[in-house]
Protein chains: 2
Amino acid sequence: MELISSNRSFGGWHKRYKHHSSSNDCEMTFAIYLPPQTSEGKKVPVLYWLSGLTCNDENFATKAGAQRVAAELGIALVMPDTSPRGSDVADAGRYDLGQGAGFYVNATEAPWQAHYQMYDYVVSELPALIEAHFPVTQHKSISGHSMGGHGALMIALKNPQAYQSASAFAPIVNPAQVPWGELAFSEYLGDDRSKWLAYDSCHLMREAKQMLPILIDQGDQDSFMPLQLQPQALEQIALARQWPFTLNIQLGYDHSYYFIASFIEAHLRFHAQHLVL
Amino acid sequence: MELISSNRSFGGWHKRYKHHSSSNDCEMTFAIYLPPQTSEGKKVPVLYWLSGLTCNDENFATKAGAQRVAAELGIALVMPDTSPRGSDVADAGRYDLGQGAGFYVNATEAPWQAHYQMYDYVVSELPALIEAHFPVTQHKSISGHSMGGHGALMIALKNPQAYQSASAFAPIVNPAQVPWGELAFSEYLGDDRSKWLAYDSCHLMREAKQMLPILIDQGDQDSFMPLQLQPQALEQIALARQWPFTLNIQLGYDHSYYFIASFIEAHLRFHAQHLVL
């Protein structure tokens, strides 16, 4: 693990690292925010943040303003990249497939399967690395935006024992049924749509044996909502299953980081209710 | 004036505009954050933010997290670009001169004087435009970072009747004496160093007839501090003159937006003490 940069932020430290990922068989970059409590020898819980299409570890770190509240609450933030990267990693020359668009799945199809194993990376490899090298507890929650909202909800629904809570901003909740997901899943997972359901939050919530608290915020002026996002599809399942679930429709807000910054404090305080601080 | 974009942010609106600037004789872009109080018909005071080298109107808008506190306090934020721009505007092919590096002066020397009239733009043209088109009062304060910290302090010291307060993050306080300023001022103002003093905050504070409150934050791990910034030079003059002046040296902080984000709330609350809200 190699330190790329270190910036003091709200009394803690924002650090970027690169390391060889065995899951993705390439070099990966991630960022971690260590709140000031860790300087006093305390171990803190972790919120994992999964970013959306085109992003890397830096978008949330620089634009969301989450460090302020994480510093107050004593929560570490871990921000992985959105895909494997590098000149020998398959790419598609478009924003919604390939590098920057890993969709947090384990690809089974060529040419993607050699490196695109983001599910294993986020669920297993990265938490093991974080817990081995930083002053954190095993308590963790997970959040994300858009494609990363899909990743956060899907990963939490598949691993409810591993996360205390999950939240999302403008998530893709039903990737097996919308254009972004159909393109990515057909490439990464093949044409057999039944295999897509293993990564579809609507399907996973319908079949779930164990619940965990979920919070979603969605802007009503988000141009991607009608076709790609449709959070009401997940809300209907949550209502039918009496799931601990909140969907806030925020009037006037769009898909940008201005939206995320406006509500990230509420998400951190939601997770703080479920994490041992 | 043409609207470029509009994003809902903390209950208010972050908007970007372009317009023809008569001062700079080119198209200029600026951003304004209108806090939620303006939706209720209230006029609010304005904090002008001047960015540093290489920045435009977007860096502070996306990275500082200032909208949250501006929304709470009821202060509009106005964020101009750092220089004239365009294919017919002189440039130098380097980060510290030309486009992105206007230093907030009125250039007198060729080839710069045709468009580089940023002092007039920030002091006169832009406030007149803002006050004509947006629900703001004439109460204003000014802040900035690095080259923009120089701009904010210099402009406030030259116009103490026009601003209620001034603040800066890691400002260039003595541009007539440090390499960044020597390069820019010799190009924009010519080789007669006596003309540089009109834009040098140390000189201006020494000669000032009217005081206004000033707050400066400076990271002690800022690699530019020893050679380019030297805020203690201004502090010594302030002490000698019994100026209402605070210089906070922040341990461990660098020159980045992580530093600005960590202390922007304190700067907004400082300005709120001096503005009629």
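Residues numbered from 1 in each chain as written. Chains lettered and ligands numbered in written order. Predicted model: local features only at pLDDT ≥ 70, side-chain atom pairs only at ≥ 80, totals over all residues. Heavy atoms only, no water.

Asks: How do you make sense of the relation of the copies chain A and chain B when you look at a structure like this?
Replies: To go from the first copy of the chain to the second, apply a rotation about an axis and then a shift along the same axis. Each copy of the sequence occupies a distinct position, and chain A is placed on chain B by a rotation of 180° and an axial shift of 0.0 Å, giving an RMSD of 0.0 Å. Such a combination of turn and shift is consistent with a two-fold rotation axis. Judged by C-alpha distance, Lys63(A) is the residue of chain A that lies nearest the rotation axis, at 2.5 Å. Looking at chain A, 100% of its interface residues are interface residues in chain B too, so the copies touch through the same face. (Least-squares fit on C-alpha atoms with pLDDT ≥ 70 in both. Contact = heavy atoms within 4.5 Å.)

Asks: Looking at this structure, how should I read the pairing of strand S7 (residues 166-169) of chain A?
Replies: Where a strand is regular, its side chains alternate between the two sheet faces. Residue and element names in this part refer to chain A. Neither face of S7 is open: one carries Ala166 and Ala168, the other Ser167 and Phe169, and all of them are buried. Pairing of S7 with strand S8 (residues 214-219) involves four bridges; the strand directions are parallel. Of the residues in S8, the one forming a bridge with serine 167 is leucine 215. (Buried < 20%, exposed > 50% of the residue type's maximum accessible area, 1.4 Å probe, protein only. Helix = DSSP H or I, 4+ residues; strand = E, 2+ residues; numbered from the N terminus. Pairing = 2+ DSSP bridges.)

Asks: Whenever I open this one, the interface of chain A and chain B confuses me. Can you help?
Replies: Each partner contributes residues to the interface: chain A has 23 residues there, and chain B has 23 residues. Of the roughly 1700 Å² buried between chain A and chain B, counting both surfaces, carbon and sulfur atoms make up 51%. There are zero salt bridges connecting chain A and chain B. At the junction of chain A and chain B, the tally comes to 12 residue pairs in polar contact (both at pLDDT 80 or more). Here the residues of the side of chain A that touches chain B sort into eight nonpolar, 10 polar and five charged. (Buried area = accessible area lost by both parts, 1.4 Å probe. Salt bridge = Lys/Arg side-chain N within 4 Å of Asp/Glu carboxyl O. Polar contact = N/O pair within 3.5 Å; in protein donor to acceptor, adjacent residues only side chain to side chain. Nonpolar A, V, L, I, M, F, W, Y, C, P; charged D, E, K, R; others polar.)

Asks: Teacher, can you tell me more about the packing of aromatic side chains here?
Replies: Any pair of aromatic rings gets described here by the distance separating the centres and the angle formed by the planes. Residue and element names in this part refer to chain A. In this structure the tally under the stated criterion is 34 aromatic pairs over all chains. Arranged with centres 5.6 Å apart and planes meeting at 25°, the rings of tyrosine 17 and phenylalanine 30 form a pair that is stacked. Here tyrosine 17 is found in strand S2 (residues 12-21), whereas its partner phenylalanine 30 is found in strand S3 (residues 26-34), with 13 residues between them in sequence. What makes phenylalanine 30 buried here is its relative accessible area of 0%. (Phe/Tyr/Trp six-rings, centres within 6.5 Å; stacked < 30°, edge-to-face > 60°.)

Asks: Even after reading the chapter, I still don't get the pattern of salt bridges, so can you show me in this structure?
Replies: Any two side chains of opposite charge can pair, given that their charged atoms come close. Evaluation of the coordinates by the stated rule reveals 18 salt bridges over all chains. Note that Glu72(A) is salt-bridged to Arg269(A), the shortest N-O span being 2.8 Å. Of the two residues, Glu72(A) sits in helix H2 (residues 66-73) while Arg269(A) sits in helix H9 (residues 257-272), which places them 197 residues apart along the sequence. By relative accessible area, which is 32% here, Arg269(A) ends up partly exposed. Among the ionic pairs, Lys140(B) bridges to Glu131(B), the shortest N-O distance being 3.9 Å. Put simply, Arg68(A), Glu72(A), Glu265(A) and Arg269(A) are held in one network by salt bridges that share partners.

Asks: Quick question: what am I supposed to make of the sheet that holds strand S5 (residues 76-80) of chain A here?
Replies: What links the strands of a sheet is backbone hydrogen bonding, and the strands pair in either a parallel or an antiparallel sense. Reading across the sheet, the nine strands line up as S1-S2-S3-S5-S4-S6-S7-S8-S9 (chain A) and stay open at both edges, with mixed pairing between neighbours. The open sheet terminates on both sides in strands that have one partner only, identified here as strand S1 (2-9) and strand S9 (245-250) of chain A. In this sheet, neighbouring strand axes are inclined to one another by 20° on average, regardless of whether the strands run parallel or antiparallel. Summarising the sheet, strand S4 (residues 44-50) of chain A and strand S6 (residues 136-145) of chain A pair through six bridges and their orientation is parallel. Across the sheet, residue Leu47(A) finds its bridge partner in S6(A), namely Ser141(A). Lying on the sheet, H9(A) is in contact with S4, S5, S6, S7, S8 and S9 of chain A; it crosses S7(A) at an angle near 170°. Those strands touched by helix H9 (residues 257-274) of chain B are S1 and S2 of chain A, and its axis lies near 25° from that of S1(A). (Axes fitted to C-alpha atoms, helices over the stretch in contact; angles between N-to-C directions.)

Asks: In this structure, what is going on with the side chain of Gln117(A)? I would like to understand it.
Replies: Residues and elements named next belong to chain A. Its location among the elements puts glutamine 117 in the loop between S5 and helix H3 (118-133). With relative accessibility at 14%, the residue glutamine 117 sits in the buried group. A distance of 2.9 Å separates the side chain of glutamine 117 from the backbone oxygen of glutamine 113, its partner in a polar contact.

Asks: Can you walk me through the sheet that holds strand S6 (residues 136-145) of chain B in this structure?
Replies: Residue and element names in this part refer to chain B. Pairing within the open sheet is mixed, and its nine strands lie in the order S1-S2-S3-S5-S4-S6-S7-S8-S9. Either end of the sheet is taken by a strand with one partner, and the two such strands are strand S1 (2-9) and strand S9 (245-250). Strand-to-strand twist of the sheet, defined as the mean angle between neighbouring strand axes without regard to direction, takes the value 20°. Note that strand S4 (residues 44-50) and strand S5 (residues 76-80) share three bridges and pair parallel. By the bridge assignment for S5, leucine 47 is matched with leucine 77. Where helix H4 (residues 147-158) meets the sheet, it contacts S4, S6, strand S7 (166-169) and strand S8 (214-219), and its direction lies at approximately 135° from that of S6.

Asks: What exactly am I supposed to notice about the pairing of S5(B) here?
Replies: Residue and element names in this part refer to chain B. Within S5, five of the five residues are buried, which leaves it mostly tucked inside the rest of the structure. Of the two faces of S5, the one holding Ala76, Val78 and Pro80 and the one holding Leu77 and Met79 are both buried throughout. Taken together, the four bridges between strand S3 (residues 26-34) and S5 define a ladder with antiparallel strand orientation. What sits directly across from phenylalanine 30, in S5, is proline 80.

Asks: Explain the nonpolar core to me, please; I cannot follow it from the model alone.
Replies: One recurring pattern in soluble globular proteins is that nonpolar side chains are buried together. Phe60(B), Phe103(B), Ile130(B), Ile142(B), Tyr188(B) and Ile214(B) are the most contacted members of the largest nonpolar core, which has 101 residues in total. Counting residues per element, this core draws most heavily on helix H3 (residues 118-133) of chain B, at eight residues. Other than its neighbours up to four places away in sequence, Tyr188(B) contacts Leu97(B), Gly98(B), Ala101(B), Gly102(B), Phe103(B), Val105(B), Ala107(B), Thr108(B), Glu109(B), Trp112(B) and Tyr116(B). Listed in part, the 99 residues of the second largest apolar core include Ile75(A), Met118(A), Leu129(A) and Ala166(A). (Core = buried A, V, L, I, M, F, W, Y, C linked by side-chain atoms within 4.5 Å.)

Asks: Would you mind going over helix H5 (residues 179-189) of chain A with me for this structure?
Replies: For an α-helix, 3.6 residues make a turn, and residues three or four places apart therefore share a direction. Residue and element names in this part refer to chain A. Listing the buried residues of H5 in full gives Trp180, Gly181, Ala184, Phe185, Tyr188 and Leu189. The buried residues of H5 all sit within an arc of 100° when viewed along its axis, so they share a single face. Buried residues in H5 make contact with helix H4 (147-158) and helix H7 (225-229). Following H5 by one or two positions, glycine 190 has its phi on the positive side, about 95°. (Arc of directions from axis to C-beta.)

Asks: Hey, could you run me through the environment of Ser6(A) in this one?
Replies: The topology assignment puts Ser6(A) in strand S1. By relative accessible area, which is 28% here, Ser6(A) ends up partly exposed. Sequence separation between Ser6(A) and Thr137(A) is 131 residues, and the spatial gap between their C-alpha atoms is 22 Å. Aside from chain neighbours lying at most four places away, what touches Ser6(A) is Trp13(A), His14(A), Lys15(A) and Asp254(B). Among the polar contacts made by the side chain of Ser6(A), one reaches the side chain of Lys15(A) at a distance of 3.4 Å.

Purely geometric stuff here, so don't read any function into it on its own.
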